[in-house]
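# Examining the three-dimensional arrangement
Residue-level listing of the chains:
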Amino acid sequence: MDIHEYQAKKILEEHGIKIPTGAISYSPEQAVYRAHEIGGKTWLVKAQVHAGGRGKAGGVKVCHSESEVLEAADDMFGRKLITHQTGGMGKGIYRVYVEGAVEIEKELYLGFVLDRSTQRIMLVTSGEGGMEIEEISEKKPQSIVRCEVEPAVGLREFQAREIAFELGIDSSLVQQLQKTLMGCYSAFRTLDATMLEINPLAITKDKSIIALDAKMTFDDNALFRHPKIAELRDKSQEDPRERNAADRGLNYVGLTGEIGCIVNGAGLAMATMDTIKLAGGEPANFLDIGGGATPERVTKAFKLILSDERVKVILVNIFAGINRCDWVAQGVVDAMENLDFTHPVVVRLAGTNVKEGKEIIKKSKQPIIQADDLMEAATKSVQIWQNL
Ligand code: GDP
Ligand code: MN
């Protein structure tokens, strides 16, 4: 789960990291009021969306008067912000963060990620902040300093000092950097984060180290033990199709093709998408209905797929182990009898109770196209779509 910049900053502040004075607003007028409260002469107006790259996309504006704050916020509210991280649909701006500007001397990059190969939390830093990490690793790979954390002992002070040294931080700032790194590590670890990024982490003209941006992602499977974090979920930032699925216990990822897929198991769902592509088509989604799927759950999956207007053909691919082909078949038949749609449906069933399943489909007299293996099912789906 992702959270907003202003929420991540508050968490970091609670862990001893310096952040600029800022306040959240839900309307342009409130943004001005916030700027007035913060005081000073220069403010940043920042769109709160779950994506980076806002600066380049017009989602971060520097303002020198309250009327400029009003104008910037007014321009942002209600609009969709498209950055290179949001995808073509963009993300809606419903909250705007107002911050007092600080004078930057140097920008650093700071990231904490889970490194799967070493199974450790990895600290990634660079003296070339401001740029995105992908750009840094392409243009200035030698500037990146990595550090692995031993989970039994956590991040040690000497490691923080080594990083400060390698980044060429002035000795008067080492203590502050150490405090920042230790604070980030503690936030990451205690809250079960999977990603924490501060870019830029700024060294200001008056020699303080301060987080100008913040991003945090949390492990969904650990949210149950962090109710305060779970509450920060902002559904307005999620793909409506995926949100709908998650609320119904289905594992769904929206894509942009025309063949809607209903599959059991993540591996089989991946293989199904690959086979559709091999057959010359494009999948509209990844959907794993899981094990022990009842006819009701299959019908829910149909509803979800049909809510995507890109979908032209539906492909059901079930390899039943824990699942039962007869239940799935009943679900498909129920969906076709009770839901109002005319999309062609291709079904491939294999495994537990396959005979009974095929029998249910035959008896139903619904125009369901059956296939015996995945390649046949994918080829038929794509051909039907091409001939529509
Ligand atoms: P992002 O584009 O989504 O990563 O948004 P950021 O929060 O990183 O803001 C974009 C850029 O605005 C940063 O890389 C900074 O260079 C700049 N910026 C952010 N806060 C300040 C500030 O207080 N003062 C100044 N001068 N620049 C800032
Ligand atoms: Mn940034």
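Worth saying up front: this structure is predicted, and the values here are computed from it rather than measured. (Residues numbered from 1 in each chain as written. Chains lettered and ligands numbered in written order. Predicted model: local features only at pLDDT ≥ 70, side-chain atom pairs only at ≥ 80, totals over all residues. Heavy atoms only, no water.)

Further remarks concern the coordination of the manganese ion (ligand 2). For the manganese ion (ligand 2), every protein donor is listed as Asn199 (O) and Asp213 (OD), and the spread of their distances is 2.2 Å. Of the two residues, Asn199 sits in strand S10 (residues 193-204) while Asp213 sits in the loop between strand S11 (209-211) and strand S12 (215-218), which places them 14 residues apart along the sequence. For the pair formed by Asn199 and Asp213, the shared burial category is buried. (Donors = N, O, S within 2.8 Å, 3.2 Å for Na, K, Ca; no water. Helix = DSSP H or I, 4+ residues; strand = E, 2+ residues; numbered from the N terminus. Buried < 20%, exposed > 50% of the residue type's maximum accessible area, 1.4 Å probe, protein only.)

A word on the layout of surface pockets. If a probe as big as a water molecule is rolled over the atoms, it shows which places are left empty. Taken as a whole, the largest pocket holds about 850 Å³ of empty space. Lining the largest pocket we find 38 residues, and of these Gly130, Glu132, Asn199, Pro200 and Asp213 sit closest to its centre. Within the residue set of the lining of the largest pocket, elements represented by two or more residues are strand S2 (43-47), strand S3 (60-63), strand S6 (96-100), strand S7 (104-115), helix H4 (133-139), strand S9 (144-149) and S10. When residues of the lining of the largest pocket are assigned to their parent elements, the largest contribution, 6 residues, is made by S7. Residue classes in the lining of the largest pocket are distributed as 17 nonpolar, 9 polar and 12 charged. Formed jointly, the lining of the largest pocket draws a minimum of three residues from each of two domains, domain 1 (1-19 + 103-238) and domain 2 (21-101). (1 Å grid on protein atoms, 1.4 Å probe; cavity = no way out; pocket = protein on both sides within 12 Å on 5 of 7 lines; lining within 4 Å. Points joined across faces, edges and corners; volume = space filled by probe spheres on them. Nonpolar A, V, L, I, M, F, W, Y, C, P; charged D, E, K, R; others polar. Domains from an automatic or database assignment.)

Core analysis: the largest hydrophobic core is formed by 42 residues, its most contacted members being Phe112, Met216 and Phe218. Here this core gets 7 residues from one element, more than from any other, and that element is helix H6 (residues 174-190). Contacts of Phe112, omitting those with residues within four sequence positions, involve Ile121, Met122, Leu123, Leu181, Cys184, Tyr185, Phe188, Thr194, Met195 and Leu196. Residues Ile262, Ile318, Val333 and Leu339 belong to the second largest nonpolar core, which totals 32 residues. (Core = buried A, V, L, I, M, F, W, Y, C linked by side-chain atoms within 4.5 Å. Contact = heavy atoms within 4.5 Å.)

Neighbouring ligand 1 are 15 residues, the closest being Lys46, Arg54, Gly55, Val102 and Glu107. Glu107 has a polar side-chain atom sitting 2.6 Å from an oxygen atom of ligand 1. Note that an oxygen atom of ligand 1 is positioned 3.0 Å from one of the side-chain N or O atoms of Asp213. In the complex, the protein chains occlude 79% of the 560 Å² of accessible area that ligand 1 would expose alone. In this structure, ligand 1 is accommodated by the largest pocket. Of all elements in the fold, only S2, S7 and S10 reach the threshold of two or more residues within the shell around ligand 1. Residue composition of the shell around ligand 1, grouped by class: 7 nonpolar, 4 polar and 4 charged. (Near = heavy atom within 4 Å. Polar contact = N/O pair within 3.5 Å; in protein donor to acceptor, adjacent residues only side chain to side chain. Areas by Shrake-Rupley, 256 points an atom, 1.4 Å probe, with all protein chains shown as cover. Sits in = over half its atoms within 2 Å of the grid points.)

A word on the pattern of salt bridges. In this structure the tally under the stated criterion is 25 salt bridges. The salt bridge involving Asp75 is made with Arg79; its shortest N-O contact spans 3.7 Å. A single network of salt bridges, built from pairs that share partners, joins Glu5, Lys9, Lys46, Arg54, Glu99 and Asp213. (Salt bridge = Lys/Arg side-chain N within 4 Å of Asp/Glu carboxyl O.)

So, about the packing of helix H11 (residues 325-338) against helix H12 (residues 354-364). One way to put it is that H11 packs onto H12 with a least axis distance of 7 Å and a crossing angle of 20 degrees. For the element pair H11 / H12, the angle class is roughly parallel. For the pair H11 and H12, the crossing hand works out as right-handed. Residues Cys325, Asp326, Ala329, Gln330 and Val333 of H11 form the contact with H12, whose participating residues are Val354, Glu356, Gly357, Ile360, Ile361 and Ser364. Grouping the amino acids of the contact of H11 with H12 by side-chain chemistry returns 6 nonpolar, 3 polar and 2 charged. (Axes fitted to C-alpha atoms, helices over the stretch in contact; angles between N-to-C directions. Parallel < 35°, antiparallel > 145°, perpendicular 65-115°, else oblique. Left-handed = near helix turned anticlockwise from the far one by under 90°.)

Our focus in this paragraph is the sheet that holds S2. In space, the 4 strands of this open sheet follow the order S1-S6-S2-S3, with antiparallel pairing throughout. Each end of this open sheet is capped by a strand with a single partner; those strands are strand S1 (22-25) and S3. Pairwise comparison of adjacent strand axes, ignoring direction, gives a mean angle of 20 degrees for this sheet. Strand direction decides the pairing type here: S1 and S6, joined by 4 bridges, are antiparallel. If you follow Gly22 over to S6, its bridge partner there is Glu99. Sheet contacts for helix H1 (residues 5-14): S1, S2 and S6; angle to S6, the most-contacted strand, approximately 50 degrees. Packing against the sheet, helix H2 (residues 28-38) makes contact with S1, S2 and S6, and its axis sits at approximately 165 degrees to S1. (Pairing = 2+ DSSP bridges.)

Next up on the list: helix H8 (residues 240-247). Residue Asp239 occupies the N-cap position of H8, its side-chain oxygen lying 2.9 Å from the main-chain nitrogen of Arg241. Downstream of H8 by a residue or two, Gly249 has a phi angle that is positive, lying close to 75 degrees.

The next thing to look at is the packing of aromatic side chains. Scanning the model with the defined rule gives 3 aromatic pairs in all. Centre to centre, the rings of Phe112 and Phe188 are 6.2 Å apart; their planes meet at 35 degrees, and the pair counts as tilted. Linking Phe112 in strand S7 with Phe188 in helix H6, this pair joins segments that are 76 residues apart in sequence. (Phe/Tyr/Trp six-rings, centres within 6.5 Å; stacked < 30°, edge-to-face > 60°.)

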